[in-house]
Amino acid sequence: MVKASITGSIIGNVLLVLGLSILMGGTKYNEQRFNRTAARTSVISLSLAAIGLIIPTVFHLAADRSPGGWSAPVEQKLSLAIAVVLFFTYFCMLGFSLWTHKHFFQGAHAHAEERGRQWSRSKAITILLISTAVVGVLSEFLVGTIENVRDSVGLTEVFVGVIVVAIVGNAAEHSSAILMAMKNKMDLTVGIAIGSSLQIALFVAPVLIFLSYLFGRPMNLEFTMPEVVAVVASVYILFQISGDGETNWIEGIQLLSVYVILGILFFYLPEPQDIAP
Amino acid sequence: MVKASITGSIIGNVLLVLGLSILMGGTKYNEQRFNRTAARTSVISLSLAAIGLIIPTVFHLAADRSPGGWSAPVEQKLSLAIAVVLFFTYFCMLGFSLWTHKHFFQGAHAHAEERGRQWSRSKAITILLISTAVVGVLSEFLVGTIENVRDSVGLTEVFVGVIVVAIVGNAAEHSSAILMAMKNKMDLTVGIAIGSSLQIALFVAPVLIFLSYLFGRPMNLEFTMPEVVAVVASVYILFQISGDGETNWIEGIQLLSVYVILGILFFYLPEPQDIAP
Amino acid sequence: MVKASITGSIIGNVLLVLGLSILMGGTKYNEQRFNRTAARTSVISLSLAAIGLIIPTVFHLAADRSPGGWSAPVEQKLSLAIAVVLFFTYFCMLGFSLWTHKHFFQGAHAHAEERGRQWSRSKAITILLISTAVVGVLSEFLVGTIENVRDSVGLTEVFVGVIVVAIVGNAAEHSSAILMAMKNKMDLTVGIAIGSSLQIALFVAPVLIFLSYLFGRPMNLEFTMPEVVAVVASVYILFQISGDGETNWIEGIQLLSVYVILGILFFYLPEPQDIAP
């Protein structure tokens, strides 16, 4: 379920959050712009993360064909090594965006701010903390409820993990990204949507691997094949959409269509058993 | 054979029609330009369609590995649901290009027209109807002939479907796209080539699924793995070629090389049996 | 081992050579620019080559599922036909860059030269020949040594082929590309890195196939699945990095991260037996 939620958060932010924001923004504005240099760096990091998440699955498939065969301990080591690389890249990205090239992102921010009212830093942080707490509590509550209800509704675990939990868990990003799009602050919208996916892929996923060792139940980074296809397809469409620094409503529809298509896949997919733990 | 023709029309338009047009245009003009904003929207929709066409195959492979296993009725439902999404996206694209953002496409059109002689609307429609009819009759005739000749020549059904039928069936797009490229109206060339692929993927394919239910012989959207690779490779190369709004002869060669490589694959491929119906 | 070296040279030049150059250049310059039109054409050719190198593997997997099954002689013919297409494309690229559109590449060259000291042609050629000879001798020596040492260190053959031989064998490209990046001549850096990969994929690989027939031991172009994934991932990341004609240090980190992730995969991969000869 943990890995399904990682997949779900990545594709949910990239396709659902960004798609809805672009669509809603597009109903109000004919064209909206954002800083494509900042977006490009993030999208490339997301592609890198997608490659990192593909490799353990490729390893499993390739090792299965060798005489030595696949073994769980080697998969663990491979996953741990990749997690270290992703984690390292995350801190490089932080250094890049907060230190050496902050003008890329600041410029975007200033540009976005100039047309909106400004919150004081303390007000912003307070509201951020309160809303995060509320959403967090609600998520926990809802995930528990969902788990109980799941069987009676007949949804598979993977569908709940990839689609339902992701929608509920990202409600905060969701509402703020749409709000910013409606205010024509697309830089913030894009920053929230891509930034959240990036954080999940380069920070949360590696940290979960590290923690799994602390708790003595090592986890690997191997995803099921449909999850790999979903992440690659999402990042690829994001790359195409974000390439020109402009958005319009049809791009929102395109992102949402891909999300719905992937949702259909996970809805009909029977419970897997041989790869996911 | 129907699904092979869908694949063949998509890759034929993207690689062969566009490739030959760019190459022929490139022999006359050093560089040719087209409106890349209009092209971008179409290429993204084509990527979306490619994702839609991959998913049923991914579903089959993934379901095969689960204890419940793959079942044809679920594949039908999945395909029908994806067909609805693609069909819906098609109408959104129509609304986008004919209504909310027609300046993208009109601008391109006006720009293309300014250097060419103008046909009256009635003359254009008449010629369009006549040539479509002629090509249609010829196609039917040729496809029938091909089918009869096929065994004696020793071509596989998939090669005929993907390569031969597609070349013959797209003769109309073919000749007009090249003609427009020779007249330096690249916007029209790109519009014809990408537009035809888009129509096949987002309109014809879903309609065939819907009709198959009317006739009581439900069809699914599952393609063979080589077809999936062919469509993904074509759309990916198209995305790279169309990204800069400029063309030159080497880009024609590149598209044609990919077409020839895919043609070689389908030529040597033995008749499949386990996936395609 | 030959095919592993081809894979290794392609990904080594694209990821390691270019990544290190961009990173080193990025420590000195905040942003560096290169001619993206010239880079685009090369990257598209590299994508085309990647598609060519995928197809024999797709063929094997698809043919395995047909009743006729896969056969080595058909795989040879397929590989030979693809090699001819790649070889033909290579000469078209030469014609494009040296003849019909040399201003793309000359402009880049002139631009790169204007800030650096100029070597006389004879001095340049002499140094080029000497350094190539030195590197060549060293490579041969090192590869021999590596082969002997391999077993005692416990590295797999595929890891040595893809990673070790490629690093040693591309030492020349390596040092000159980094040197040029430090001198802010990014056009030369990009030209060396992408050009070397292109030469391997479109010229060296086909020539090896042709020669294998002369020596009576026909070779095919079929790569293992991890090699295919490595090449596709590298070319895709290169396409994203090279799209804007600008580089900064984080892009170097991103390329190197992908290289390290792929290195981890090949390090842990057990010796394959059923596909690679």
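The rules behind the values
What you see as residue numbers is a count from 1 along each chain, following the sequence as written. Here the convention is simple: chains get letters from A, ligands get numbers from 1, in the order in which they are written. Totals for whole chains, interfaces and linings use all residues, but because this is a predicted model, local features are given only for residues with pLDDT of at least 70 and pairs of side-chain atoms are given and counted only at 80 or more. Values shown for side chains rest on all heavy atoms present in the structure; no hydrogens or waters enter the calculation. Any two residues whose heavy atoms approach within 4.5 Å are treated as being in contact. We define a salt bridge as a side-chain nitrogen of Lys or Arg found within 4 Å of a carboxyl oxygen belonging to Asp or Glu. Here a polar contact is taken to be a pair of N or O atoms separated by no more than 3.5 Å, where protein atoms must pair a possible hydrogen donor with a possible acceptor and residues adjacent in sequence count only if both atoms sit in side chains. A run of H or I in DSSP becomes a helix once it reaches four residues, and a run of E becomes a strand once it reaches two; helices and strands are each numbered from the N terminus. Under the scheme applied here, ten amino acids are nonpolar (Ala, Val, Leu, Ile, Met, Phe, Trp, Tyr, Cys and Pro), four are charged (Asp, Glu, Lys and Arg), and all others, including Gly, are polar. Think of it in three bands: residues with accessible area under 20% of the maximum for their type are buried, residues over 50% are exposed, and the middle band is partly exposed, with areas taken using a 1.4 Å probe on protein chains only. When two parts are brought into contact, each loses some accessible area as probed by a 1.4 Å sphere; the total of that loss over both is the buried area.

Trainee: So what exactly am I meant to see when it comes to the interface of chain B and chain C here?
Mentor: Often the size quoted for an interface is simply the accessible area lost on bringing the parts together. The interface of chain B with chain C comprises 35 residues on the first partner and 39 residues on the second. At the surface where chain B touches chain C, the tally comes to one salt bridge. We note a salt bridge from Arg40(C) to Asp244(B), for which the minimum N-O separation is 3.7 Å. The tally of links between chain B and chain C comes to seven residue pairs in polar contact (both at pLDDT 80 or more). Those elements giving two or more residues to the side of chain B that touches chain C turn out to be α9 (225-242) and α10 (249-268) of chain B. Considering each element in turn, the side of chain B that touches chain C owes the most residues, 13 residues, to α10(B). When its residues are assigned to classes, the side of chain B that touches chain C shows 23 nonpolar, seven polar and five charged.

Trainee: I tried to follow the side chain of Ser42(C) on my own but got confused; where do I start?
Mentor: All names here are of chain C. One can find serine 42 in helix α2 (residues 36-65). Classification of serine 42 by relative accessible area gives buried; the value is 12%. Apart from the residues within four sequence positions on either side, serine 42 is in contact with Met93, Ile194 and Leu198.

Trainee: Hey, could you run me through the interface of chain B and chain A in this one?
Mentor: Across the boundary between the two partners, chain B contributes 40 residues, which contact 35 residues of chain A. Taken together, both faces of the contact between chain B and chain A bury some 3200 Å²; the carbon and sulfur share is 74%. Summed over the shared surface of chain B and chain A, the number is one salt bridge. The tally of links from chain B across to chain A stands at seven residue pairs in polar contact (both at pLDDT 80 or more). For the side of chain B that touches chain A, the secondary-structure elements that each account for two or more residues are α2 (36-65), α3 (72-100), α4 (102-113) and α9 of chain B. Per-element accounting of the side of chain B that touches chain A gives the leading share, 17 residues, to α2(B).

Trainee: Looking at this structure, I do not really get the pattern of salt bridges. What am I missing?
Mentor: Opposite charge on two side chains permits them to pair, given that their charged atoms come into close proximity. For the coordinates displayed, the defined rule picks out nine salt bridges over all chains. With a shortest N-O distance of 3.8 Å, Glu31(A) and Arg33(A) are connected by a salt bridge. A relative accessible area of 27% means that Glu31(A) is categorised as partly exposed. The exposed category is assigned to Arg33(A), whose relative accessible area is 52%. Glu246(C) is paired through a salt bridge with Arg33(C); the nearest N and O atoms lie 2.8 Å apart. Taken together, the residues Glu246(C) in strand β2 (residues 246-247) and Arg33(C) in strand β1 (residues 32-33) connect sequence positions 213 residues apart. Here the salt bridges share partners, and the residues they tie into one network are Glu31(A), Arg33(A) and Glu246(A).

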